[in-house]
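Below are the chains, spelled out letter by letter.
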Amino acid sequence: MNRAGALAPDILIVDDDEGHAILARENLEAAAVSNPIRHFRDGQAVLDFLLAGGPGPHAAKAGAYLMLLDIRMPRVDGVEVLRRLKADPSLRNLAVIVLTTADDLREVERCQELGCDVYLRKPIDFGKFAEAARRLGLFMTLLLAQPSNES
Amino acid sequence: MPATLRELRAIKAALDVHSIVAMTDTSGRITDVNDKFCSISKYSRGELIGQDHRIINSGYHPKAFFRDMWDTIGSGRTWRGEIRNRAKDGSFYWVDTTIFPCMGRSGRPAQYVAIRTDITERKVDAAQLKRYAADLAEKNKELEAIVNTLSHDLRSPLINVQGFGNQLARACERIRAAFASAGTGAVPASEVRRPLEVDIPQALNFINAGVNKMDSLLTGLLRFSRLGREALTIERLDMNALFAEAFSAMKFQLDAAGANVRVGLLPDGRGDRVQTSQVLSNLIDNAIKYRHPDRALCIKVEGRVESGQAVYSVADNGIGIAPEHQPKAFEIFHRLNPDGPAGEGLGLTIARRVLERQKGRIWVESSGQGGSTFYLSIPSAEPLPAATP
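Regarding its fold elements, chain A presents 5 helices and 5 strands. In chain A, the succession of helices and strands from N to C terminus is β-α-β-α-β-α-β-α-β-α. A burial count over chain A gives 50% of its 151 residues as buried. Residue pairs at least 24 apart in sequence account for 69% of intrachain contacts in chain A once pairs closer than 6 positions are excluded. Accessible area for chain A stands at about 7,300 Å²; split by element, carbon and sulfur atoms hold 52% of it.

Following this line, the structure appears as structure tokens:
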């Protein structure tokens, strides 16, 4: 079982494209996922959060997280984030869903080499997200709010 | 009998016109050569007769090559192969060679007849073809990388256009529903405020940004592709003058940045004036854009000649480029700092292309903190000093 399995995880969206991050958040919210969501604009920002670097807010010690990780980002990209997570014993098992587009085949291969094989094609579709979360053993811990009366 | 002899004479005459012919004794000494042999090897007949065949050995083939040849003809079989020889003046030529052993009464070869055809041109063409193929493979790889990057970079804004388009549709649906449930009465403001004030403007904002982004990517791609087709006019370039022009064209921005510019004595180069000066402007523009906020901009240009190439360095004291990001600096549409000053991520890609087309190169050195030094090289205007023999 994933170490995040016991607790409802915070969802960490790591994407340099602000629009993509807003859409991801809205799609999850529209599907009544009410886990807390945080957005990071690049790989370095989420690493600072998890590894308690930099001045910003830091991860809680016993916190559970599910990371939605974009691959192509400037500076520290998604592959580099994965590499750093896998190299850190305390973060090795963090649940990660890699966000891809149809054009990232080579990058997907590199992620697979790093031991990550759960992917979501952008734009995020809730059904597929739930499926990916289930593969990570996280489905039961998604906090599904009361369906809103709009949908 | 006389008829046969006449016929043989005719065949020999034809052979001498068509082929390079030599006779060799069993120890490898030349006993006779025809005119074509002399003209291609640039030795006179007198210089060749009595000499070992090694006189034209170019040192290109391994020993085993000739050992195999001697084993073959020594045992009475015909040998055929392609040999690179060296002429008297040191130039090389390739010959397609057939060596035929003439058997003596003892049943062993008594002498050898070597008939050769000049295939130098074919060999040169083949080598050229190989280079073209390698270049083409390289270009294909480059093109594939560009298509890959471009399709990704186009898809990013497209995802926003699709996603926020859906958001627009949902907002419309909400407003329509509000109207429907209001019937003939007033539509409550609370029902339409959020879609009208938040959702729709946000969606339009991202859709516009996405469309503009795609437009600028396609414009950039077209610019990049046109560049490869433009004819080059290679001429002697006074690089001091070219740098001076580029700096003066940007005087306003340089003054605004309080820049201190120093240009050393630069060697002349050879290249296309317009395109090379574009590269210079781009490097200066980058130095201004990526200057360090805490120190006055300083740009230093120096030059030297290194094995036939004129190398120019443009050093700044700006924010620098971390070593791990340096290889990406020249990638198409790659921007090291997307939050930084405006740019389409094409400047250095174009610079590299321009320089490669005129047999030059561009590269960067930067320790990260203390600024960057861009190097560009183009063929030197001065011919190489004659190589020592």
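Turning to the nonpolar core, a few remarks are in order. In this structure, Met239(B), Phe243(B), Ile299(B) and Leu376(B) are the most contacted members of the largest nonpolar core, which totals 43 residues. Residue contributions to this core peak at 6 residues, all from helix 9 (residues 273–289) of chain B. When residues no more than four places from it in sequence are discounted, the contact partners of Phe243(B) are Leu266(B), Leu280(B), Val301(B), Tyr312(B) and Val314(B). Core analysis: the second largest hydrophobic core is formed by 24 residues, Phe40(A), Val46(A), Leu50(A) and Val108(A) among them.

Our focus in this paragraph is the interface of chain A and chain B. On the chain B side, the residues contacting the 20 residues of chain A number 24 residues. Both faces considered, chain A and chain B share a buried interface measuring about 1,900 Å² in area, 49% of it formed by carbon and sulfur atoms. If you look at where chain A meets chain B, you find 0 salt bridges. Counting every contact that joins chain A to chain B gives 4 residue pairs in polar contact (both at pLDDT 80 or more). Of all the elements, helix 1 (residues 18–30) of chain A adds the most residues to the side of chain A that touches chain B, at 6 residues. Split into classes, the residues belonging to the side of chain A that touches chain B amount to 5 nonpolar, 3 polar and 12 charged.

Residue and element names in this part refer to chain A. Among the 6 residues of strand 3 (residues 65–70), 6 are classified as buried, and the element is accordingly described as predominantly covered. Along strand 3, one buried face is formed by Tyr 65, Met 67 and Leu 69 and the opposite face, lined by Leu 66, Leu 68 and Asp 70, is buried too. As judged from the 5 bridges shared by strand 1 (residues 10–14) and strand 3, these two strands associate in the parallel manner. Bridging from a neighbouring strand, Ile 13 pairs with Leu 68 of strand 3. Direction of pairing for strand 3 relative to strand 4 (residues 95–100): parallel, over a ladder of 5 bridges. If you follow Leu 68 over to strand 4, its bridge partner there is Ile 97. Handedness of the crossover joining strand 3 and strand 4 through helix 3 (residues 78–87): right-handed.

Residue and element names in this part refer to chain B. Mapped onto the secondary structure, His 53 falls in the loop between helix 3 (45–48) and helix 4 (63–74). A relative accessible area of 18% places His 53 in the buried class. A polar contact is formed between the side chain of His 53 and the side chain of Arg 116, at a distance of 3.1 Å. Non-local contacts of His 53, meaning those with residues more than four positions away in its chain, are made with Ala 22, Thr 24, Gly 28, Ile 30, Phe 37 and Arg 116.

A few words now on the packing of helix 6 (residues 189–227) of chain B against helix 10 (residues 347–357) of chain B. All names here are of chain B. Between helix 6 and helix 10, the shortest axis-to-axis distance is 10 Å and the interhelical angle comes to 10°. Here helix 10 runs roughly parallel to helix 6, going by the angle between their axes. Where helix 6 approaches helix 10, its residues Arg 223, Phe 224 and Leu 227 are matched on the opposing element by Thr 349, Ile 350, Arg 353, Val 354 and Arg 357. Here the contact of helix 6 with helix 10 is composed, by residue class, of 4 nonpolar, 1 polar and 3 charged.

With that settled, consider unusual backbone geometry. Residue and element names in this part refer to chain B. Even without being glycine, Lys 42 reaches a positive phi, approximately 65°. For Lys 42, a relative accessible area of 45% puts it in the partly exposed group. With phi around 35°, Ser 307 is a residue other than glycine that occupies positive phi space. In this fold, Ser 307 is placed in the loop between strand 9 (298–306) and strand 10 (309–316). By relative accessible area, Ser 307 is classed as exposed at 70%.

Right, let's talk about the sheet that holds strand 3 of chain A for a bit. Residue and element names in this part refer to chain A. Spatial strand order, 2-1-3-4-5: 5 strands in an open sheet with parallel pairing. Unpaired on one side and paired on the other, strand 2 (37–40) and strand 5 (119–121) mark the two borders of the sheet. When the angles between neighbouring strand axes are averaged without regard to direction, this sheet yields 20°. Where helix 2 (residues 43–50) meets the sheet, it contacts strand 1, strand 2 and strand 3, and its direction lies at approximately 150° from that of strand 1.

As for its position among the elements, Arg121(A) is in strand 5. Along the chain, Arg121(A) and Val98(A) lie 23 residues apart, while their C-alpha atoms are 8.5 Å from each other.

Residues and elements named next belong to chain B. Reading across from one edge, 2-1-5-4-3 is the order of the 5 strands in this open sheet, with antiparallel pairing throughout. The open sheet is flanked by strand 2 (30–33) and strand 3 (79–86), the only strands paired with a single partner. Across this sheet, the average inter-strand angle for adjacent strands is 30°, counted without regard to direction. Bridging between strand 4 (residues 92–103) and strand 5 (residues 109–118) involves 9 bridges; their strand directions are antiparallel. If you follow Phe 100 over to strand 5, its bridge partner there is Val 113.

The next thing to look at is a nonpolar patch on the surface. All names here are of chain B. A cluster of nonpolar side chains, contributed by Leu 5, Leu 8 and Ile 11, occupies part of the molecular surface with about 300 Å² of accessible area. By secondary structure assignment, the location of Leu 8 is in helix 1 (residues 2–18). On the basis of relative accessibility, which here comes to 51%, the residue Leu 8 falls in the exposed class.

With that settled, the discussion passes to the packing of helix 5 (residues 120–182) of chain B against helix 6 of chain B. All names here are of chain B. Remark: helix 5 packs on helix 6, axes separated minimally by 8 Å, with the N-to-C direction vectors making an angle of 160°. If you check the angle between helix 5 and helix 6, you find them roughly antiparallel. In terms of crossing hand, the pair formed by helix 5 and helix 6 is left-handed. Class assignment for the residues of the contact of helix 5 with helix 6 results in 25 nonpolar, 5 polar and 5 charged.

Each value, and the rule that gives it
- Residues numbered from 1 in each chain as written.
- Chains lettered and ligands numbered in written order.
- Predicted model: local features only at pLDDT ≥ 70, side-chain atom pairs only at ≥ 80, totals over all residues.
- Heavy atoms only, no water.
- Helix = DSSP H or I, 4+ residues; strand = E, 2+ residues; numbered from the N terminus.
- Buried < 20%, exposed > 50% of the residue type's maximum accessible area, 1.4 Å probe, protein only.
- Contact = heavy atoms within 4.5 Å.
- Areas by Shrake-Rupley, 256 points an atom, 1.4 Å probe, with all protein chains shown as cover.
- Core = buried A, V, L, I, M, F, W, Y, C linked by side-chain atoms within 4.5 Å.
- Buried area = accessible area lost by both parts, 1.4 Å probe.
- Salt bridge = Lys/Arg side-chain N within 4 Å of Asp/Glu carboxyl O.
- Polar contact = N/O pair within 3.5 Å; in protein donor to acceptor, adjacent residues only side chain to side chain.
- Nonpolar A, V, L, I, M, F, W, Y, C, P; charged D, E, K, R; others polar.
- Pairing = 2+ DSSP bridges.
- Right-handed = clockwise from strand over helix to strand, strands pointing away.
- Axes fitted to C-alpha atoms, helices over the stretch in contact; angles between N-to-C directions.
- Parallel < 35°, antiparallel > 145°, perpendicular 65-115°, else oblique.
- Patch = residues over 30% accessible without salt bridge, like charges linked within 9 Å, V, L, I, M, F, W, Y side chains within 5 Å.
- Left-handed = near helix turned anticlockwise from the far one by under 90°.

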